[in-house]
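Survey of secondary and tertiary structure
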Amino acid sequence: MTRLPLWPRSLAGRTAAMLLFGLMLVQGLGLTIHALDRVELQGIIQAREIGGRTLTLWRNLILTPPERRAALLADIDLPPGLLASYDPIPVVIPGMPPVPPDIERRFRFGGPPPVPPGEEPRIHLDAIPPPPPLPPRFRPREILAASAPPSGFLLSMRFPDVGWLNLRIDPPAPRPWHSESFLYAFIAMSLCAASLILWGVRRLTRPVAELAAAADALGRDVNAPPLPESGPLETSTAARAFNTMASRIRRFVEDRTQMIAAIGHDLRTPITRLRLRAEFMEDDDQRAKMLKDLAEMEAMIDATLAFARDDAAKEPSVPFDLAALSQTVLDEAADAAPDLAEKLSYDGPDRLRLHGRPAALKRALANLVANALKYAGDAKLCLTVENGAALIRIDDTGPGIPESEQERAFQPFRRLEDSRNRETGGTGLGLTIARNILRAHGGDVILRNRPEGGLSARVTLPLAS
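Structure report, in brief. (Residues numbered from 1 in each chain as written. Predicted model: local features only at pLDDT ≥ 70, side-chain atom pairs only at ≥ 80, totals over all residues. Heavy atoms only, no water.)

Here we take up the nonpolar core. Residues L322, V369 and I394 are the most contacted members of the largest nonpolar core, which totals 43 residues. Among the elements that make up this core, the one with the highest residue count is helix α8 (residues 358-376) (eight residues). Filtering out sequence-adjacent residues up to four positions away, I394 remains in contact with L365, L368, V369, A372, A379, K380, L381, L455, S456 and A457. The next biggest cluster of nonpolar side chains, apart from the first, holds 13 residues, and it includes L82, Y86, L165 and I169. (Core = buried A, V, L, I, M, F, W, Y, C linked by side-chain atoms within 4.5 Å. Buried < 20%, exposed > 50% of the residue type's maximum accessible area, 1.4 Å probe, protein only. Helix = DSSP H or I, 4+ residues; strand = E, 2+ residues; numbered from the N terminus. Contact = heavy atoms within 4.5 Å.)

Bringing a nonpolar patch on the surface into the picture now. A cluster of nonpolar side chains, contributed by L183, Y184, I187 and L191, occupies part of the molecular surface with about 450 Å² of accessible area. Position of Y184 among the secondary structure elements: in helix α4 (residues 182-220). Residue class for Y184 comes out exposed when judged on its relative accessible area of 61%. (Patch = residues over 30% accessible without salt bridge, like charges linked within 9 Å, V, L, I, M, F, W, Y side chains within 5 Å. Areas by Shrake-Rupley, 256 points an atom, 1.4 Å probe, with all protein chains shown as cover. Salt bridge = Lys/Arg side-chain N within 4 Å of Asp/Glu carboxyl O.)

Further remarks concern the sheet that holds strand β7 (residues 379-386). Overall, mixed pairing links the five strands, which are arranged β5-β7-β8-β10-β9 in an open sheet. Edge positions in the open sheet fall to β5 (344-347) and β9 (444-449), since each of these has one partner strand only. Geometrically, the sheet is characterised by an average inter-axis angle of 20° between neighbouring strands, direction not taken into account. Bridge count between β7 and strand β8 (residues 389-395): seven bridges; the pairing is antiparallel. Residue pairing across strands places T384 opposite L391, the latter belonging to β8. Each of β5, β7, β8 and β10 (455-462) touches helix α7 (residues 322-336); the most contacted strand, β5, lies at about 170° to it. Docked against the sheet, α8 engages β5, β7, β8, β9 and β10, running at close to 25° with respect to β8. (Pairing = 2+ DSSP bridges. Axes fitted to C-alpha atoms, helices over the stretch in contact; angles between N-to-C directions.)

Take a look at the structure:
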């Protein structure tokens with residue numbers, strides 16, 4: 001399934017992202033509704049203010065002598081978007097045909113007949129031919145707007161005695177956000193909400209991360225400390241179930257180890273008796289075969305007990321030098337097989353710090369080196385650092401292992417001497433023990449055939465183990 005490039009991978013990140021998206025969506029919709037309502041309300045208020053001020057202006061001017069109307073109009077404080085002037089003729093709208101001469105003459109010389117008492121002033125637009133279509137901004141209106149007009153308009157109102165009151169109504173554009181600091185307040189509010197969401201999600205999902213870390217620690221060390229059974233009901237229930245599972249696993253491992261140790265201890269007595277009886281056999285060939293079988297049985301028992309003891313090992317994890325440990329493994333292998341000392345080599349840094357159980361890792365590397373010496377007669381240990389992990393390669397020049405058998409070689413008591421074209425030897429637990437130790441450290445080991453011939457055991461160990 002295709003994953004979004006910026007979509008977080010963790011549960012906490014995805015939960016926080018969904019909550020933040022929902023918060024922003026709800027805030028955006030709420031602010032949009034608020035802005036639309038505010039724009040409509042501003043239009044209504046503007047229309048009422050302009051209409052009221054216009055009627056008030058008309059009443060004040062109609063009671064003023066004509067010669068003082070222009071001066072009075074100049075002193076009146078008009079609301080934004082309302083321009084008024086007193087002229088002997090109506091306003092000339094751009095694009096409108098000129099006023100007929102007879103009407104203009106009447107307005108310039110004496111004006112029209114007086115309006116009867118109680119009659120409303122007439123609109124000049126009734127007295128002239130209708131103009132051609134004009135842009136909305138200059139489109140004339142016959143009445144005052146009672147709601148928010150979409151654009152400005154021009155209006156002329158005739159006085160009963162003489163002159164015209166010319167109005168240009170161009171209300172300012174509505175402002176959805178009146179406050180200058182609204183954007184800063186919105187950003188601060190969003191950051192505060194995002195911080196609370198991130199803190200809350202992280203706190204709620206922390207037990208999940210702790211459970212994953214505890215499961216990983218249990219996979220490395222069966223004696224890892226238990227999880228704290230605290231927090232919400234679901235978290236404490238999950239922690240309690242995990243601790244119960246871990247205790248059952250530890251009990252199973254201990255029972256198995258004790259059973260294997262008891263079997264091995266009990267088998268040593270009959271093997272010793274058989275060895276003594278074999279010494280009294282007269283047939284030398286049969287005696288030699290019997291002693292050889294008994295020695296092989298004893299070696300298998302020792303290896304099995306060692307394998308069981310390794311599972312139950314309680315060696316503490318401490319910092320150590322992996323480079324020095326690798327060189328020590330090669331030196332001890334050379335001491336054990338002096339005739340092969342020249343065929344052992346090391347390639348890597350002089351120092352590489354790691355955290356783990358050095359005795360267990362030493363045993364794992366020793367098993368891999370011994371395996372290479374046994375089946376190929378040489379071993380080269382290469383130590384490097386790749387992608388934040390220590391990479392150890394133990395290469396040999398032997399016949400290798402078929403790919404179909406490489407993973408099966410790690411099964412207990414699985415011996416592939418035919419594939420290595422050597423004599424039978426060992427108990428088949430060396431690779432199994434090595435893999436168990438390495439996986440307990442968070443690493444692993446795999447086998448790969450080398451293109452130039454031979455086998456390569458590749459070990460990976462996390463540097464932060």
